[in-house]
Amino acid sequence: MAVSIRQIQPAFAGEVAGVDLRGELTREAVATIESGMDRYGVLVFHDQSITDEQQIAFSRNFGEIENSAGGTVTKPHEKRLDPLMNDVSNLGQDHRPLARDDRRRLFNLGNQLWHSDSSFRAIPAKYSLLSGRIVVDKGGNTEFADMRAAYDALDEETKRAVEDLVCEHSLMYSRGLLGFTELSAEERAMFRPVRQRLVRTHPVTGRKSLYLASHAGGIVGWPMPEARAFLRDLIEHATQPQFVHAHKWRQYDLVMWDNRQTMHRVRRFDESLVRDMRRTTVAGDAPTAEQVQAA
Ligand code: OGA
Ligand code: MN
């Protein structure tokens, strides 16, 4: 059966059929998925009961896997999963929900803020692939905002104002919004801010998008409060309901998104329940400041 993709109405995401992620994919199947990513920005695959190894192998069709080091306060010896996997669950190594006051849990609550994965890295992520191994019935939706549509909807004056702006992104900024401010010297060094363009141009489609995230805490050359007020305003604009798709998880869904064109967040859920979500991340290929601008 050939891979096919249909748009999920009324939002922008696509739903993929005719593919089994446990096995090797044909070149045609990979090409169909890749062009679906270019077009929709978010793809949903249902009923994919995969292992970590199969998830890693599938992700490698789209580029190198990003090293997960440096993106959390979880120490290497505390990790539940292979370093090629990002553990986005609420679980410790014993597979039980983390205690309410566990520092790792409190840090991970940052995923409830709108963000783009790894925008705090010098070379930010291209795709993320999130597999729902154990999902919750109530809450815990993942929401996606289409940053191309958000860009398109800006007035011309604002488009001109944002065109060449460069932001500073850091996990210190996003966690600071939640009052998570106690960091070791080592963590501060690891979370040193990096620079990202505010407007990105998609290398295949040429479409522009706003590159925003709760990690963005400054604009180069701007007074801090003015930058924060402006970024907050842009995020509010970009996450209006008409730009948002909410994914309600079924067990063994795999959702794949393009971090260059979308933001996402997880919604609240009862954290005494197990929510086992595992992410692989496909690395980007260059700092955003080096992107080729559309004519
Ligand atoms: C992620 C993420 C949200 C979720 O995997 O990058 O933000 O639904 N996850 O767990
Ligand atoms: Mn994320």
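Our structure's up above, just so we're on the same page.
This write-up is about the structure you can find in this document. The structure displayed is predicted, hence computed values, not measured ones. (Residues numbered from 1 in each chain as written. Chains lettered and ligands numbered in written order. Predicted model: local features only at pLDDT ≥ 70, side-chain atom pairs only at ≥ 80, totals over all residues. Heavy atoms only, no water.)

### Structural notes on the nonpolar core
Ranked by internal contacts, the top residues of the largest apolar core, which has 23 residues, are Val162, Leu198, Leu210 and Leu212. At the level of secondary structure, the elements contributing two or more residues to this core comprise α4 (147–152), β11 (216–219) and α8 (224–238). The greatest single-element share of this core, amounting to 6 residues, is contributed by α8. Sequence-distant contacts of Leu210, that is, excluding residues within four places in its chain, are made with Met147, Ala150, Tyr151, Leu154, Val162, Leu198 and His237. Grouped together as the second largest cluster of nonpolar side chains are 20 residues, Val19, Leu21, Phe62 and Tyr127 included. (Core = buried A, V, L, I, M, F, W, Y, C linked by side-chain atoms within 4.5 Å. Buried < 20%, exposed > 50% of the residue type's maximum accessible area, 1.4 Å probe, protein only. Helix = DSSP H or I, 4+ residues; strand = E, 2+ residues; numbered from the N terminus. Contact = heavy atoms within 4.5 Å.)

### Topic: the site of ligand 1
For ligand 1, the full set of nearby residues is Val88, Asn111, His115, Asp117, Leu130, Thr142, Trp257, His264, Val266, Arg275 and Arg279. The contact in question runs from an oxygen atom of ligand 1 to an N or O atom on the side chain of His115, over 3.1 Å. Within the side chain of His264, a nitrogen or oxygen atom sits 3.1 Å from an oxygen atom of ligand 1. In the complex, 99% of the free accessible area of ligand 1, which totals 290 Å², lies under the protein chains. (Near = heavy atom within 4 Å. Polar contact = N/O pair within 3.5 Å; in protein donor to acceptor, adjacent residues only side chain to side chain. Areas by Shrake-Rupley, 256 points an atom, 1.4 Å probe, with all protein chains shown as cover.)

### Observations regarding the packing of aromatic side chains
This model, assessed by the stated rule, comprises 7 aromatic pairs. With a centroid separation of 5.8 Å and 80° between ring planes, the pair formed by Phe45 and Phe58 is classed as edge-to-face. Of this pair, Phe45 sits in strand β3 (residues 42–45) while Phe58 sits in helix α2 (residues 52–59), and the two are 13 residues apart along the sequence. There is no split in this pair, since Phe45 and Phe58 are both buried. Between Phe107 and Phe180 the ring centres are 5.5 Å apart and the planes differ by 75°, which places this aromatic pair in the edge-to-face class. Of this pair, Phe107 sits in helix α3 (residues 103–108) while Phe180 sits in the loop between α6 (171–177) and α7 (185–190); the two residues are 73 residues apart in sequence, bridging distant segments of the chain. Grouping residues by exposure puts Phe107 and Phe180 together as buried. Clustering of aromatic rings is evident, with ring pairs tying together Phe45, Phe58, Phe62 and Tyr127. When the ring centre of Phe107 is taken as origin, the NZ or CZ atom of Arg175, which lies over that ring, is 4.2 Å away. Above the plane of the ring of Tyr211 lies Arg200, whose end atom (NZ or CZ) is 4.5 Å from the centre. (Phe/Tyr/Trp six-rings, centres within 6.5 Å; stacked < 30°, edge-to-face > 60°. Lys NZ or Arg CZ within 6 Å of the ring centre and 35° of its normal.)

### Section: the sheet that holds β11
Pairing is antiparallel in the open sheet, where 3 strands are placed in the order β8-β7-β11. A strand with exactly one partner marks an edge of an open sheet, and here the two such strands are β8 (194–197) and β11. Adjacent strand axes in the sheet meet at a mean angle of 40°, parallel and antiparallel pairs treated alike. Two elements, strand β7 (residues 166–169) and β11, share 3 bridges in a ladder whose sense is antiparallel. What sits directly across from Glu168, in β11, is Gly218. Contacting β7 and β11, α8 crosses the sheet at an angle of about 125° to β11. (Pairing = 2+ DSSP bridges. Axes fitted to C-alpha atoms, helices over the stretch in contact; angles between N-to-C directions.)

### What about the sheet that holds strand β4 (residues 86–87)?
Hydrogen bonding along the main chain pairs the strands of a sheet, whether they run parallel or antiparallel. Here we have 7 strands laid out as an open sheet, ordered β1-β2-β3-β13-β5-β15-β4, and mixed in their pairing. Sheet topology places β1 (4–7) and β4 at the edges, where each strand pairs with a single neighbour. Across the sheet, helix α1 (residues 27–40) lies against β1, β2 (14–17), β3, β5 (127–134) and β13 (254–258), angled at about 130° from β3, the strand it touches most. Sitting on the sheet, α2 is in contact with β3, β5, β13 and β15 (276–282), with an inclination near 30° to β15.

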